[in-house]
Amino acid sequence: MFLANIFASLPLQAQYRPETDLEELFKDVQLLPVFPDSKTFPDCVPLQAPEQILQAYRQQKLQPDFDLKAFVRQHFLLPTQASSGYITDTSLSVTAHIGELWPVLTRQPDEGGGSLLRLPHSYVVPGGRFQEIYYWDSFFTMLGLQASGQTALIQNMVDNFAHLINTTGHIPNGNRTYYLSRSQPPFFALMLRVLAQEQGKQVLQKYAPALRKEYAFWMEGAATLSAANPAHRRVVLLPDGSILNRYWDDQPAPRPEAYKEDVQIARESGRQPEEVYRHLRAAAESGWDFSSRWFADGQRLGTIHTTDIVPVDLNSLLFHMEMTLAEMAELDGNGAEARQYKKKAKARRKALLRYTWSEADNFFYDYDFVKGTTTRIPTLAAVYPLYFCMAKRRQATAVAQRLQADFLKPGGLATTRGDTDQQWDAPNGWAPLQWMSIQALRNYGHQELAGTIASRWVTLNTEVYQNTGKLVEKYNVENLELEAGGGEYPNQDGFGWTNGVLLKLLTLYPELKLVTEQEAVMQEER
């Protein structure tokens, strides 16, 4: 691991970037492919300097008996899943199981190498193929850490994200060099709220500089927008002069961790490859990679047009960021700055309600600013304005009715109404969206529906755990006999945000905890 330590000590701009440092070797390995999972090779640690490996490749590949797979194994250390040796004891209750999992999923600052960005403090990874920190995952993981009394680990993770903001200018998708060109849904302000619940409002003052930097990242270029140039990176000027945000990625190239898949999607789409790559990467920034909400025809991935879309969830999160920045300014005694941020938040709420609310359908949709109309693709992103108390009461009631009629399934809420074989569509349900929906409904007094969703989700999680010994990334909420599917990789277990939301729900609904404990007793007796 000596070379990996060398890489970790280099300045950020010089750190190992497999997709560029290995040139044609990277493409050849990914397209053959040498590994069934495209994420494996970018996560490998080179055992020599990349230029030396590349030189050896160029010389040896001309030999008639050259074996690319053998060459890779000779020159790279393959990633290992640190949690793979853990054996589940299903006689434990699900809460006790999660308690045992936290240290298994925790990584230390000196672990890793290669494309991994070193962090100054310990952190929790999702599990499975995801052996690095992920931005929006971490908020939902923190909910469980809070329920487990792991305040120090929450503090460490918040400090890691502040470190990333200060060293890279934003919070990347994850702490890998190949994630640096994009972020993920901006949940840092909500993480600060969790930590402030444990340590007091001084947390908001301490991290105000970091949050201001993150806000600047999302709003970069807003002052340069005009009718002739209405969009730049993550900001969009709308016809009434208001500014909202979209997802974006600066690199119009295949994602290194999904190289083969992206090349194939672009080729089959019949569109300009760079255009498709940009939309794919922007969808990856959204965390919803992939979903019909990004598809022009609502069905096919090849029609993806993410950067044309103003997402309802992203702008709700940025409203909360602006309100948090206003509160931070008030705590610092800066009334003028607080008023400015409140003004921005008020303008954003007004624009979001104008452009994403459909009076005809009584629902929040994403807004296609290129076409000048909502997408009319119903998804659980509609709950975000309720989560942040931006919606009017009649709107919240209409959304609640729609959730009950169209999204509520035997295992919880489906992500969308349409089944497209994409993982962020029906019949899949995801822990973060159950949490956002439950809290959104509770904010507007829809306690019964919120409790029903929580009960169904907790029951599904618990039963899958008892039957398989696993808590997984996503669940089939429509047919409880089937696993969740879709997407570019198999369903993963671990799993950070599932663990976090489950523990938090059991804290919120203690009567459900009794059910899970009874399940554990019954399983042991069987």
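Residues numbered from 1 in each chain as written. Predicted model: local features only at pLDDT ≥ 70, side-chain atom pairs only at ≥ 80, totals over all residues. Heavy atoms only, no water.

Observations regarding the side chain of Asn428
Within the element layout of this structure, Asn428 appears in strand β15 (residues 428-430). Judged by relative accessible area, which is 2%, Asn428 ranks as buried. (Helix = DSSP H or I, 4+ residues; strand = E, 2+ residues; numbered from the N terminus. Buried < 20%, exposed > 50% of the residue type's maximum accessible area, 1.4 Å probe, protein only.)

Examining helix α15 (residues 312-331)
Across its 20 residues, α15 extends 29 Å between first and last C-alpha, which sits within 8% of the 28 Å expected from 1.5 Å per residue. With 17 of its 20 residues buried, α15 lies for the most part within the structure. The positive-phi residue at the C-terminal boundary of α15 is Gly333, with phi of around 80°. (Expected span 1.5 Å × (residues − 1).)

A look at the packing of helix α3 (residues 23-31) against helix α5 (residues 50-60)
For the pair α3 and α5, interaxial distance at closest approach is 9 Å and the crossing angle is 70°. Here α3 is positioned roughly perpendicular relative to α5, judged by the angle of their axes. Considering the relative orientation of α3 and α5, their crossing is left-handed. Of the residues in α5, those touching α3 at Glu23, Glu24, Leu25 and Asp28 are Ile53, Leu54, Tyr57 and Arg58. In the contact of α3 with α5, the residues fall into 4 nonpolar, no polar and 4 charged. (Axes fitted to C-alpha atoms, helices over the stretch in contact; angles between N-to-C directions. Parallel < 35°, antiparallel > 145°, perpendicular 65-115°, else oblique. Left-handed = near helix turned anticlockwise from the far one by under 90°. Contact = heavy atoms within 4.5 Å. Nonpolar A, V, L, I, M, F, W, Y, C, P; charged D, E, K, R; others polar.)

Details of the pattern of salt bridges
What the rule picks out here adds up to 31 salt bridges. Note that Glu285 is salt-bridged to Arg234, the shortest N-O span being 2.9 Å. One end of the pair, Glu285, is in helix α14 (residues 273-286); the other, Arg234, is in the loop between β5 (231-232) and β6 (235-237), and 51 residues separate them in sequence. Both residues of the pair, Glu285 and Arg234, count as buried. Residues Arg300 and Asp297 are paired through a salt bridge, measuring 2.7 Å at the closest nitrogen-oxygen approach. Relative accessible area serves as the criterion here: at 34%, Asp297 is assigned to the partly exposed category. Each of Lys39, Asp43, Glu132 and Arg176 takes part in one network of salt bridges that share partners. (Salt bridge = Lys/Arg side-chain N within 4 Å of Asp/Glu carboxyl O.)

Thoughts on the packing of aromatic side chains
Per the counting criterion, the structure on display carries 37 aromatic pairs. Above the face of the Trp218 ring, Arg234 is positioned so that its terminal group lies 5.7 Å from the ring centre. Taking NZ or CZ as reference, Arg402 lies 4.7 Å from the ring centre of Phe363, over its face. (Phe/Tyr/Trp six-rings, centres within 6.5 Å; stacked < 30°, edge-to-face > 60°. Lys NZ or Arg CZ within 6 Å of the ring centre and 35° of its normal.)

Describing the confidence of the model for the chain
In this model, the chain carries a mean pLDDT of 94, and residues with pLDDT of at least 70 account for 94%. Per-residue pLDDT, averaged within each element of the chain, yields its smallest value for helix α1 (residues 2-9) (41) and its largest for strand β7 (residues 243-245) (99). Every residue in residues 1-13 scores below 50 in pLDDT, and together they form 22 contacts with partners more than four places removed in sequence or on other chains. (pLDDT = per-residue confidence, 0-100.)

Things to note about α14
Look at α14: 20 Å from first C-alpha to last across 14 residues, which is about the 20 Å you get at 1.5 Å a residue. Burial analysis of α14 places 11 of its 14 residues in the buried class, which makes it a mostly covered element. For α14, every residue scored as buried is listed here: Val276, Tyr277, Arg278, His279, Leu280, Arg281, Ala282, Ala283, Ala284, Glu285 and Ser286. At its buried positions, α14 is contacted by α8 (135-147), α12 (208-219) and α13 (259-269). Count one or two residues on from α14 and you reach Gly287, which has phi positive near 85°.

Thoughts on the sheet that holds β7
Spatial strand order, β5-β6-β7: 3 strands in an open sheet with antiparallel pairing. Only two strands of the sheet have a single neighbouring strand rather than two, namely β5 and β7. Note: β5 against β6, 2 bridges, orientation antiparallel. Note that in β6 the partner of Ala231 across the bridge is Val236. (Pairing = 2+ DSSP bridges.)

Some points on empty space enclosed by the protein
By the definition in use, this model includes 2 cavities of 30 Å³ or more. By volume, the largest cavity is sized at about 310 Å³. A per-class count over the lining of the largest cavity returns 11 nonpolar, 4 polar and 8 charged. Computed from the structure, the second largest cavity encloses a volume of approximately 30 Å³. The residue makeup of the lining of the second largest cavity, split by class, is 2 nonpolar, 1 polar and 5 charged. (1 Å grid on protein atoms, 1.4 Å probe; cavity = no way out; pocket = protein on both sides within 12 Å on 5 of 7 lines; lining within 4 Å. Points joined across faces, edges and corners; volume = space filled by probe spheres on them.)

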